[in-house]
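Topology and contacts: notes
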Amino acid sequence: KSYIVSNNLQDSIPNRISIIDIGYKTINFLHYEKGKPDQQKSKGFPDHGVVTIIKPFTAFLENQFRVSFSEQEAAEIFLDNKFTFGGEEQPIVVEKIEEAKIHFVQKLMNSILVSENKTLQLSDVVVISGGGAYLLQDIEMPKNVVIGENFLEFDNVKGYMLWV
């Protein structure tokens, strides 16, 4: 709903909309046909969220720089897409971030959402939302895929508030 309102589509809602909500620990897939939720095509994928990127990235940082990092610190570095250590920028971290993003998108489309591929391809719009969408903002996506607006981690709340 927040995508529809923020893009002024209230009078011309796309026929088929899929939403990929990427959270910290889960990914949820929702599908709407003619403005109504399709329960058969909507599902959740626990243990596949952003944590699958951040935990290995945290381990990489700790192994590379021999200091401990919290997952929150690693996530901030990941989102900043740069890292300075000992007064020097670390291009290896930027390379690792890009590699992790590409791997996550490939895993998302070729493994987690493989059974939803037909639905995704036939959707007029696929909205990627949730806090995990920040990680994918600079990744090339198919033409029918859009990344939600600012404050992606609040998309569920924004959508709920628009219905109330």
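Our structure is the block above this text.
For the structure given in this document, a descriptive report is provided here. Keep in mind that this is a model prediction, so the values were computed, not measured.

Rules used in this analysis
- Residues numbered from 1 in each chain as written.
- Predicted model: local features only at pLDDT ≥ 70, side-chain atom pairs only at ≥ 80, totals over all residues.
- Heavy atoms only, no water.
- Phe/Tyr/Trp six-rings, centres within 6.5 Å; stacked < 30°, edge-to-face > 60°.
- Helix = DSSP H or I, 4+ residues; strand = E, 2+ residues; numbered from the N terminus.
- Buried < 20%, exposed > 50% of the residue type's maximum accessible area, 1.4 Å probe, protein only.
- Salt bridge = Lys/Arg side-chain N within 4 Å of Asp/Glu carboxyl O.

**Comments concerning the packing of aromatic side chains**
Scanning the entire structure with this criterion turns up six aromatic pairs. Each ring, one from Phe65 and one from Phe83, has its centre 5.2 Å from the other, and the planes form 65 degrees; the classification is edge-to-face. Of the two residues, Phe65 is situated in helix α2 (residues 51-65) and Phe83 in the loop between α3 (71-80) and β5 (84-85); the sequence distance between them amounts to 18 residues. For the residue pair Phe65 and Phe83, the accessibility class agrees, reading buried in each case.

**What about the environment of Glu76?**
Structurally, Glu76 is set in helix α3. The sequence separation of Glu76 and Ile54 amounts to 22 residues, and the corresponding C-alpha distance is 9.9 Å.

**Details of the pattern of salt bridges**
When the charged atoms of two side chains lie near each other, side chains of opposite charge can form a pair. Per the stated rule, a full pass over the model turns up six salt bridges. The partner of Lys41 in a salt bridge is Glu33, with the nearest N and O atoms 3.8 Å apart. A relative accessible area of 31% means that Lys41 is categorised as partly exposed. Put simply, Arg16, Glu33 and Lys41 are held in one network by salt bridges that share partners.

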